[in-house]
Amino acid sequence: MSGPRTHSARSISRAAAVALIEAVRDEAATAGFGVATAVTDAGGHLVAFERADGVPFLAAEVAVDKAWTAASFRLATHTWNSLVTDPRVGPWAAASRCSTTACAWAASASRAEPSIRTRTPPTRP
C-alpha cells in the first residue's frame, strides 16, 4: 500500500498579493470607482483582501468567491465567463437571466428612494 499522494505547487507570497491589490486599487481609482479585491493561492486559500471605503459589503463575498473559483478551475474569470456564456457549453447560456420575479423586483428597486439604490460604478468616457 502506498502513502498519500501530494504535490507541490508554487504559491503567491503575501508581498506579491498585496502588490496586486495595490495595483488594482490604483487602476480603479484612476477609473473613478472603488473595488473589493481578493487574492488566493493556487489552492484557493485567501492570501490578501481589501474592500475600499464605500464599496458594498456584498462585493467582499463576490471578490473572494471569484478568486476561489479562478484558482479552483485554474481559469481566469474572463475565460470562465466566456465558457459559461457559450451556448455550446452551457445550454441555458442564451436564456433570459431575468425571471418574472427578479424583473418585478428590479423594476420596483429602480423606483426606490435614491438612498437605498445600489451604487453602480461610473462608466468610462
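Everything below is about the structure shown above.
Quick look at the structure, then. (Residues numbered from 1 in each chain as written. Predicted model: local features only at pLDDT ≥ 70, side-chain atom pairs only at ≥ 80, totals over all residues. Heavy atoms only, no water.)

## Section: the environment of Ile 12
What counts here: In this description a helix means any DSSP run of H or I spanning at least four residues, a strand means any run of E spanning at least two, and both kinds are numbered starting from the N terminus. Two residues form a contact once any of their heavy atoms are found within 4.5 Å.
By secondary structure assignment, the location of Ile 12 is in the segment before helix H1 (14–31). For the pair Ile 12 and Val 47, spaced 35 residues apart in sequence, the C-alpha separation works out to 8.0 Å. Ignoring any residue separated from it by four or fewer positions in sequence, one finds Ile 12 in contact with Ala 17, Leu 20, Val 39, Thr 40, Asp 41 and Val 47.

## A word on the pairing of strand S2 (residues 46–51)
Worth spelling out the cut-off: Strands are labelled as partners when DSSP assigns at least two bridges between them.
The pairing of strand S1 (residues 36–40) with S2 spans five bridges and is antiparallel. Each residue of the ladder has a partner; that of Val 39, found in S2, is Ala 48. A loop of five residues connects S1 with S2, the two strands running antiparallel in sequence, and Gly 44 in this loop sits at a positive phi of about 85 degrees.

## Let's talk about unusual backbone geometry
Not every positive phi belongs to a glycine, and Arg 74 is a case in point at roughly 55 degrees. The residue Arg 74 is located in the loop between helix H2 (58–73) and helix H3 (77–84) in this model.

## Regarding a nonpolar patch on the surface
Spelled out, the test is: A residue counts toward a patch only above 30% relative accessible area and without a salt bridge, and it is joined to like-charged neighbours within 9 Å or, for Val, Leu, Ile, Met, Phe, Trp and Tyr, to nonpolar neighbours within 5 Å. Shrake-Rupley sampling with a 1.4 Å probe provides the accessible areas, and residues are treated as covered by the protein chains on show and by no other component. In what follows, salt bridge is the name for a side-chain nitrogen of Lys or Arg lying within 4 Å of a carboxyl oxygen of Asp or Glu. Note on classification: 1.4 Å probe, protein chains only; a residue is buried when its accessible area is under 20% of the maximum for its type, exposed when over 50%, partly exposed between these limits.
On the surface, Leu 83, Val 84 and Val 89 cluster together into a nonpolar patch covering about 220 Å² of accessible area. Relative to the elements of secondary structure, Leu 83 occurs in helix H3. Note on Leu 83: relative accessible area 33%, which makes it partly exposed.

## Re the pattern of salt bridges
Per the stated rule, a full pass over the model turns up one salt bridge. The shortest N-O distance in the salt bridge between Glu 50 and Arg 25 comes to 2.7 Å. With Glu 50 in strand S2 and Arg 25 in helix H1, the pair connects residues that are 25 residues apart, well separated along the chain.

## Here's the deal with the side chain of Asp 41
Rules: Counted charges follow a simple rule, with Lys and Arg positive, Asp and Glu negative, and His plus the chain ends left uncounted. In protein, a polar contact means a hydrogen-donor-capable atom and an acceptor-capable atom, both N or O and within 3.5 Å, with residues adjacent in sequence counting only if both atoms are side-chain atoms; elsewhere, any N or O pair within 3.5 Å suffices.
Turning to its location among the elements, Asp 41 is positioned in the loop between S1 and S2. Buried charged residue Asp 41 carries no salt bridge. Nearest counter-charge: Arg 74, at 7.7 Å. Here Gly 43 takes part through its backbone nitrogen, which lies 3.0 Å from a polar atom of the side chain of Asp 41. Each residue touching Asp 41, except ones within four places of it in the same chain, is listed here: Ser 11, Ile 12, Val 47 and Ala 71.

## Focus on H2
Applicable threshold: To estimate the expected span of a helix, count its residues, drop one, and scale the result by 1.5 Å. As used here, the arc is the angular range of directions from the helix axis to the C-beta atoms.
Its 16 residues give H2 an end-to-end C-alpha distance of 23 Å, which sits within 8% of 22 Å, the value for a rise of 1.5 Å per residue. Listed in full, the buried residues belonging to H2 are Ala 60, Ala 63, Ala 67 and Ala 71. Viewed end-on, H2 has its buried residues packed into an arc of 70 degrees, placing them on one side of the element. Projecting away from the buried face of H2 at angles above 90 degrees are the exposed residues Leu 58 and Glu 61. Against the buried residues of H2 lie S1 and S2. Backbone geometry just downstream of H2 places Arg 74 in the positive-phi region, at approximately 55 degrees.

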